[in-house]
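Listed below, chain by chain, are the residues.
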Amino acid sequence: MAKVHVTTTINGEPSEFLCEPNDTMLDALRGPLGLTGSKEGCASGDCGACSITVDDNLICSCLMLAVESEGHELRTIEGMAQGEKLHPLQQKFLEMAALQCGICTSGMLVASDALLKRNPKPSEEEVRFWLAGNLCRCTGYDKIVRAVMDTAAEMRAQ
Amino acid sequence: MTVVTNNKWIGQRTIRPDGMDKVTGRAQFAADTNMPGMIWGKVLRSPHAHARIKSINTAKAEALPGVKAVVTARDIVDFPIEKGAVMLGIQDMRWMCRNVMAREKALFPGHPIAAVAATTEAIAAEACKLIEVDYEVLPFVIEIEDAIKSDAPILHEFNKFEGKPSNIAGRLEHKKGDIADGFKKADIVIERSFTTRPVHQGYIEPHACLISVAPDGKTTIWSSSQGQFMVRAMTAHLTGIPQSDIRAIPAEIGGGFGGKTIVYLEPLATLLAKKSGRPVKMVMTREEVMRATGPTSGSKSTVKIGATKDGKIVAAHGTFYLQAGALPGSPIRGAAGCSFTPYDIPNLLSEGYDVCSNRSKVAAYRAPGAPIGAYAVECVLDEVAEALKMDPLDFRLKNAAKEGTKAAHGPTFPRIGYIETVEAAKASDHYKAPLGKLQGRGVASGFWFNAGGESSAQVNITEDGNVVVTTGHPDIGGSRAGIANICAELLGIDYRRVSVIIGDTQTIGFSNLTGGSRVLFASSIVVTQSTEQIIKTLRERAAKIWEIDPEAVKWEDGAAHPVSPNAGQFPPLTLKDLAEKAPAMGGPIGAGVQLNTTGADGGFGTHICDVEVDVDLGIARVTRYTAVQDVGRAIHPGYVEGQLQGGVAQGIGWALNEEYIYTRDGKVDNPGFLDYRMPVCSDLPMIDCIMVEVPNPKHPQGVKGVGEVPLVPVMAAVANAIYNALGKRFYALPMSPPKVLEVIDAPETRQAAE
Ligand code: FES
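Because the structure is predicted, anything quoted here is derived from the model rather than measured.

1. Points about the overall build of chain A
No. 1: When its secondary structure is counted, chain A shows 5 helices and 5 strands.
No. 2: Along the chain direction, N to C, the helices and strands of chain A fall in the order β-β-α-β-β-β-α-α-α-α.
No. 3: Its C-alpha atoms give chain A a radius of gyration of 16 Å, near enough to 15 Å, the size a compact globule of 158 residues would have.
No. 4: The C-alpha extent of chain A, read off along each of the three principal axes, is 50 × 30 × 25 Å.
No. 5: Among the 158 residues that make up chain A, the fraction classed as buried is 58%.
No. 6: If you sum the accessible surface of chain A, you get close to 6400 Å²; carbon and sulfur atoms cover 51% of it.

As structure tokens, this is what we get:
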């Protein structure tokens, strides 16, 4: 199979890459693009460890074909901090021990960020249902939910 | 040993040393590493639950363009059955060599038959299809009930039980007193039988490795596991490469819960890399993880408990049958040894049976065996308390093990904190909160042995006066944060000046597995001793500079000071000062300690669970949960709570939803996260933690293991809560919606609920 050339924008940077027509976006991110922050836990859209946004829509990158990114704006965990300055969610996850092994953390952060962009004042229930597509086997979600809610409150206060 | 209580860093919620990498996506997990020239390995797996392998022909696969190597059981070092056990930790290499690659027989669907390395994953997968295997398909058996029948298909003809070939591969018992006598004294005796289904550890990171073998045999392994030394030793045993030639580098590990205490891919990838001369990467799919890596045992237990009218347990008998899967080794020690341990029972018999069956070989899962046993015991205790009209926590208090109690598995307890956990549960707001209609509350307790064992640490002072600590245990849930707190505390410096890393097998001394709730317990002992040696050196150096006696120098707040004005008047010498002067004063400052640590006291917990049952959908929802545990000393409370909360979440999954479902031909029918449903965020409430701190007197900081206990009581607490909500007892897990509905739809339940 001949490789396909794709031009896209990732974390604000114009990017191009070559991929097989049947490669997923996650394959492309982790392969030719070298962005291994997005993780593969299931490759079936059930665990959320590969969460990214495409034109601000939250998706599992394992469910999108890499060629579909042509002309779109993608954001991954690698684009969340501004240089040395962490996103408030990243900071709060650290302070509140909202990660144990950390394999789900990239996806959790990307998904939480997408939530707060839409809903700056989520209830606990709204956080829980929004993050229901992101599996975490280590934390029991308690500290993750608290970190998202605390971040939202802090961001609103600023 | 005195336990320090007035601390600056111990007990603080510091930022973990590896945190920044993990929130920014930089952390390198097993599948995140690549190498130039790297090729891909894939495994051909058995489609049959049980089949004799008559022949394997790999010629067509080898001829496929792009294929660089093929390996089968012939390439793996054999450990012949008749030569007897070759133990590596708790694993017998006779079983391990047959588990990583089927030898005489394929023993479960998913059992590796051959492995291929090719230039792309797609070619490797294609080549697997070209391998011709001649199977003689045999009858199979999966469920315990079937496997222990006298006419059951036998997995291992060489295995005899009571003189006959059998699937029962082992039996263990713990005994105290005489149960026949004991039950005679009982006013009330309750006996019940229970079943639990196999459940998977469910780590989100699939097994993966990248391995390079140089022409001289020097091997480098990048993989995530619960022990790089285990990976090295197992790989050495199974490939014949000496351990000194294998450098196993621990990647960050994306969850393990016991499931990454054995190897699956590393020996195969090593052999493929050796044959092909190219670095080989292998990554399991989720389906492979679910089909071919160890879930825990399914079980069948019977528990009988007798008590007198005034609430004293006088006798108990537990029989626990656990599925080992394809090869012997189910965690009967945990089931038989932990289940009754919170209680002082004069007459006790606790028996475990290890049962082989045609499913993947069991792997450790958080307090292996203990949750299975505790589920049965704690449910029966609930019934006994009810029959005696006693509050279930009062009943537990009345029978609680304490200092001086002799446990049936051997030890006489030192000062333990079990009673404190029950008292704290009783005093909690949760226990007193009112309940509504169709809501119920359950309690249960649990015990885990905890463990010490081998650990190594090296602590070095950098030239600029900061600290690097290297230990040999993969950090699975924040142990580096605990180590940083302890080292900073001892040195009296800011914790951010302590960098904690996990060494590879060739740079740090042998360290046993991350498992058994041993890591912070054991590694903090060796880190403490190393740091104390460094402090001694620092005091000696200061003494030399001041020309006074080292005994006249004390170390405080990160600097050397004269012990008193009598000793001399000198401005303090900080760590930075002494590091700068090190070259002139005797050289680099560092110390390493290697020990087989002892003194790990067992851990106890008591849980309270509230549920609400949706009678239309049959969904039991946990609405409130409190986990109380004697944690010894919470070095980093955030990560201790995290252990409690994570264990509880896993237990709720085990209780309410998770189970392996098998097709008629013996295959796992739900090998993915959609159908094997682990708790998601919207399934759970906040999980409250009450950390009782009864410091371990045998540990410099009072540490006890905390990771396993939190899973032990959960299923019983949930079951007891559902009973309280519905007035109906469940004797099988999971209590999933169809099973709950079945009971609700029984006419008597409807009436009782209304
Ligand atoms: S922190 Fe391990 S899966 Fe979430």
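2. Comments concerning the packing of aromatic side chains
All names here are of chain B.
No. 1: One pass over the full model with this rule turns up 19 aromatic pairs over all chains.
No. 2: With 5.8 Å between their ring centres and 10° between their planes, tryptophan 95 and phenylalanine 158 make a pair best called stacked. Taken together, the residues span a long stretch of sequence, with tryptophan 95 in helix H3 (residues 93-100) and phenylalanine 158 in the loop between helix H5 (144-147) and strand E9 (160-161) at a distance of 63 residues.
No. 3: Feature note: the residues Tyr343, Phe413, Tyr418, Phe447, Trp448, Phe449 and Phe604 constitute an aromatic cluster, connected by ring pairs.
No. 4: Over the face of the ring belonging to phenylalanine 183 we find lysine 304, whose NZ or CZ atom lies 4.4 Å from the ring centre.
No. 5: Directly above the ring of tyrosine 723 sits arginine 729, whose terminal nitrogen or CZ lies 3.6 Å from the centroid.

3. Structural notes on the side chain of B:Glu378
All names here are of chain B.
No. 1: Counting through the fold element by element, glutamate 378 comes out in helix H11 (residues 370-387).
No. 2: Glutamate 378 sits in the buried class, given a relative accessible area of 0%.
No. 3: Among the polar contacts listed, one links the side chain of glutamate 378 to the side chain of arginine 396, at a separation of 2.8 Å.
No. 4: When near neighbours in sequence (up to four residues on either side) are disregarded, glutamate 378 contacts Tyr343, Arg396, Ala444, Ser445, Ala716 and Asn720.

4. Description of the pattern of salt bridges
Residue and element names in this part refer to chain B.
No. 1: Using the criterion set out here, one finds 55 salt bridges over all chains in the structure.
No. 2: In this structure, lysine 60 and glutamate 132 form a salt bridge, with 2.6 Å as the shortest nitrogen-oxygen distance. One end of the pair, lysine 60, is in helix H2 (residues 59-63); the other, glutamate 132, is in strand E8 (residues 132-137), and 72 residues separate them in sequence.
No. 3: Salt bridges sharing common partners tie together Arg16, Asp18, Lys22, Glu252, Asp475 and Arg480.

5. With respect to the sheet that holds strand E4 (residues 57-60) of chain A
All names here are of chain A.
No. 1: Ordered in space as E2-E1-E5-E3-E4, the 5 strands form an open sheet in which the pairing is mixed. Each edge of the open sheet carries a strand with a single partner, namely strand E2 (13-19) and E4. Between one strand and the next, the sheet's axes are offset by a mean angle of 40°, whatever the strand orientation.
No. 2: Pairing analysis gives 2 bridges linking strand E3 (residues 51-54) to strand E5 (residues 73-75), with the strands arranged antiparallel. Considered in E5, the bridge of threonine 53 is made with arginine 75.
No. 3: The sheet strands contacting helix H3 (residues 105-118) are E3 and E4, and the helix crosses E3 at an angle near 40°.

6. Points about the sheet that holds strand E29 (residues 619-630) of chain B
All names here are of chain B.
No. 1: Read from one edge of the open sheet, 4 strands run E20-E28-E29-E30, paired in mixed fashion. Two strands lie at the open edges of the sheet, namely strand E20 (439-448) and strand E30 (687-692), each paired on one side alone. For this sheet, the mean inter-axis angle between neighbouring strands, taken without regard to orientation, is 20°.
No. 2: Here E29 pairs with E30 via 6 bridges, running parallel. Residue threonine 626 lies in a different strand from E30, and its bridge partner there is aspartate 688.
No. 3: Against the sheet, helix H13 (residues 418-427) makes contact with E20, strand E28 (603-614), E29 and E30, and its axis sits at roughly 30° relative to E28, the strand it touches most.

What counts, and where the lines are drawn
Residues numbered from 1 in each chain as written. Chains lettered and ligands numbered in written order. Predicted model: local features only at pLDDT ≥ 70, side-chain atom pairs only at ≥ 80, totals over all residues. Heavy atoms only, no water. Helix = DSSP H or I, 4+ residues; strand = E, 2+ residues; numbered from the N terminus. Rg over C-alpha atoms; globule rule 2.2 N^0.38 Å. Buried < 20%, exposed > 50% of the residue type's maximum accessible area, 1.4 Å probe, protein only. Areas by Shrake-Rupley, 256 points an atom, 1.4 Å probe, with all protein chains shown as cover. Phe/Tyr/Trp six-rings, centres within 6.5 Å; stacked < 30°, edge-to-face > 60°. Lys NZ or Arg CZ within 6 Å of the ring centre and 35° of its normal. Polar contact = N/O pair within 3.5 Å; in protein donor to acceptor, adjacent residues only side chain to side chain. Contact = heavy atoms within 4.5 Å. Salt bridge = Lys/Arg side-chain N within 4 Å of Asp/Glu carboxyl O. Pairing = 2+ DSSP bridges. Axes fitted to C-alpha atoms, helices over the stretch in contact; angles between N-to-C directions.

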